[in-house]
Amino acid sequence: MALIVQKYGGTSVGSIERIEQVAAKAIAARAAGDDLVLVVSAMSGETNRLVKLAHAVASDPDPREFDVLVSTGEQVTIALLSMALNRRGCPARSYTGSQVHILTDNAHTKARILGIDEARVRGDLEEGRVVVIAGFQGVDEQGNITTLGRGGSDTTAVAMAAALKADECQIYTDVDGVYTTDPRVEPDARRLDRITFEEMLEMASLGSKVLQIRAVEFAGKYNVPLRVLSSFEDGPGTLISYEDEEMEQPVISGIAFNRDEAQLLMRGVPDRPGVAYHILGPVGKANIEVDMIVQNVGADGTTDFTFTVHRNDYQKALEVLEATARELGAREVSGDNKIVKISLVGVGMRSHAGIASTMFEALANEAINIRMISTSEIKISVVVDEKYLELGVRSLHAAFQLDQAPVA
Ligand code: ADP
Ligand code: ASP
Ligand code: MG
């Protein structure tokens, strides 16, 4: 008998009919002999609605109260799903994050899970119940409700699976697996049978929102077998696992992109030791996370300094930078919040040359100007104008023939 944690995202529980379908699916899995823990998201659109309500009251809502508000969406779903299961004669019980005791730190709106007391869940399973848990939420040591960041129900599911040593954690969503890129942008994207934790982590952190980054981190750390599947159709989905010898490794496994970026530029900065620190220190102090950084080679004793931040932080970063520029006597500050980052990901890059030139050639053929480049062992990222996102992704998808299965 296997213990399976299944997570259903917003679209999968988006209406009463869909909740009924989830109940039917769960009952079928139980009939096959599995013990089940279900983790669910808020019904689709609900979390966005709650976030909007908060901002209608305060432009910068109190984080503790924000979490009390946005965590309510999931509580609706757990109760409805448990009712649906009970009505079908399948004993079920719902729990909020604080009831099941998902202990987190106190970083409201982006809390990290510290531990889970799984005794209550085990007790229910032993008594033959299906356990239904609210995703995305936890409780800190003082008893305050916390949330885990957007997409956080994935992390709840993986953490539950790790705590219970479940046989598999299944993420049911509105696509039937992890694709070579977001199928909404490239219809020729191909479903992957398997992807390594390392690549999935890179894809998630570079913007692929199919899994929350922390869920992938957690699954890798605790070696939780993780699978992404469709809640609407049957199929094998995508298994996320460690690399093994038999795995046929394509050079490039996918393309990720991030629309949430903005670029800032300081020109004519005096080229002397400590300048990068002088520019980025105040940015960090303002709690703004910096992503890519480029400093040009100096000429005439001055240099240009460029970096990217989350689009939400663009205005704030611009203000901080203008103050710094005055202090440093820099020539000018400018910025652009209509940029995106496109990244190629693949562990095979380690052993293959020429990936970057193929990438730049494909973008050049479409006359797409590259504004910034950054590389690491298994990825290459470029920053381009927002209007080139779709074209850029599709041209790279074609250049690396990602629509075709790699030949063995
Ligand atoms: P859920 O509400 O079930 O958590 P999400 O919207 O968070 O669902 O994640 C699923 C979506 O992720 C898909 O609809 C798809 O548009 C998007 N996505 C982005 N990149 C990928 C990818 N590489 N493979 C599959 N889906 C992707
Ligand atoms: N409901 C939350 C969100 O929309 C968490 C989740 O769905 O994973 O971000
Ligand atoms: Mg999600």
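Residues numbered from 1 in each chain as written. Chains lettered and ligands numbered in written order. Predicted model: local features only at pLDDT ≥ 70, side-chain atom pairs only at ≥ 80, totals over all residues. Heavy atoms only, no water.

What follows concerns the overall build of the protein. Along its length, the protein carries 13 helices and 18 strands. Overall, the C-alpha framework of the protein stretches about 80 × 55 × 35 Å when taken along its three principal axes. The 408 residues of the protein split such that 50% are buried. Long-range pairs, those at least 24 residues apart, make up 75% of the contacts in the protein between residues at least 6 apart in sequence. When the accessible surface of the protein is totalled, it reaches about 18800 Å², and 48% of it is carbon and sulfur. When the 40 basic and 58 acidic side-chain charges of the protein are each reduced to a single mean position, those positions are 4 Å apart. (Helix = DSSP H or I, 4+ residues; strand = E, 2+ residues; numbered from the N terminus. Buried < 20%, exposed > 50% of the residue type's maximum accessible area, 1.4 Å probe, protein only. Contact = heavy atoms within 4.5 Å. Areas by Shrake-Rupley, 256 points an atom, 1.4 Å probe, with all protein chains shown as cover. Lys, Arg positive; Asp, Glu negative; His and termini not counted. Charge placed at Lys NZ, Arg CZ, Asp CG, Glu CD.)

Here the focus is the pattern of salt bridges. Applying the stated rule across the entire model yields 25 salt bridges. Arginine 191 serves as the salt-bridge partner of aspartate 193, at 3.1 Å between the closest nitrogen and oxygen. On the accessibility criterion, aspartate 193 (52% relative accessible area) is exposed. Look at arginine 191 and you get partly exposed, because its relative accessible area is 23%. Residues lysine 209 and aspartate 260 are paired through a salt bridge, measuring 3.2 Å at the closest nitrogen-oxygen approach. One end of the pair, lysine 209, is in the loop between α8 (197-205) and α9 (213-221); the other, aspartate 260, is in strand β13 (residues 254-270), with 51 residues separating them in the sequence. Residue class for lysine 209 comes out exposed when judged on its relative accessible area of 67%. Exposure remark for aspartate 260: the relative accessible area of 26% places this residue in the partly exposed category. Linked by salt bridges that have partners in common, Arg93, Asp124, Glu127 and Arg129 make up one network. (Salt bridge = Lys/Arg side-chain N within 4 Å of Asp/Glu carboxyl O.)

For helix α1 (residues 16-31), which comprises 16 residues, the first-to-last C-alpha distance of 23 Å matches the rise-based estimate of 22 Å (1.5 Å per residue) to within 8%. As for α1, its buried residues are in contact with β1 (3-8), β2 (35-40) and α4 (72-87). A positive backbone phi angle near 105° is found at glycine 33, which sits one or two residues after α1. (Expected span 1.5 Å × (residues − 1).)

What links the strands of a sheet is backbone hydrogen bonding, and the strands pair in either a parallel or an antiparallel sense. Taken in spatial order, the 8 strands of this open sheet run β3-β6-β2-β1-β9-β11-β12-β10, and their pairing is mixed. Taken across any chain shown, the strands that pair with only one partner, and hence form the sheet edges, are β3 (92-95) and β10 (194-196). Between one strand axis and the next, the sheet turns through 20° on average, direction left out of account. One ladder, built from 5 bridges, connects β1 with strand β9 (residues 168-173); its direction is parallel. In the strand pairing of β9, valine 5 is matched with cysteine 169. Packing of helix α7 (residues 153-164) onto the sheet brings it into contact with β1, β2, β6 (130-134), β9 and β11 (226-230), and relative to β1 it is tilted by some 175°. (Pairing = 2+ DSSP bridges. Axes fitted to C-alpha atoms, helices over the stretch in contact; angles between N-to-C directions.)

Now for the site of ligand 2. Taken together, the residues surrounding ligand 2 are Ser41, Thr47, Glu74, Phe136, Arg150, Gly151, Gly152 and Ser153. Separating an oxygen atom of ligand 2 from a backbone N or O atom of glycine 151 is a distance of 2.9 Å. In this structure, serine 153 approaches ligand 2 through a main-chain N or O atom, which is 3.0 Å from an oxygen atom. Contact with the protein chains hides 86% of the accessible area of ligand 2, taken as 260 Å² for the molecule alone. (Near = heavy atom within 4 Å. Polar contact = N/O pair within 3.5 Å; in protein donor to acceptor, adjacent residues only side chain to side chain.)

Attention now moves to the sheet that holds strand β18 (residues 379-385). Reading across from one edge, β14-β15-β13-β16-β18-β17 is the order of the 6 strands in this open sheet, with antiparallel pairing throughout. Strand pairing shows two members of the sheet lacking a second neighbour, β14 (290-295) and β17 (372-376), which therefore form its edges. This sheet shows a mean twist of 30° between the axes of neighbouring strands, independent of strand direction. As defined by bridge partners, β13 adjoins strand β16 (residues 332-345) across 11 bridges and the pair is classed as antiparallel. Looking at β16, one finds that glutamine 263 is bridged to aspartate 336. Docked against the sheet, helix α12 (residues 355-365) engages β16, β17 and β18, running at close to 20° with respect to β18.

In this section: the packing of α12 against helix α13 (residues 389-399). Packing of α12 against α13 leaves a shortest axis separation of 9 Å and a crossing angle of 130°. As far as their axial angle goes, α13 and α12 are oblique. Note on packing geometry: the crossing formed by α12 with α13 is right-handed. Contacts between α12 and α13 pair Thr358, Met359, Ala362 and Leu363 from the former with Gly392, Ser395, Leu396 and Ala399 from the latter. Grouping the constituent residues of the contact of α12 with α13 by class yields 5 nonpolar, 3 polar and no charged. (Parallel < 35°, antiparallel > 145°, perpendicular 65-115°, else oblique. Left-handed = near helix turned anticlockwise from the far one by under 90°. Nonpolar A, V, L, I, M, F, W, Y, C, P; charged D, E, K, R; others polar.)

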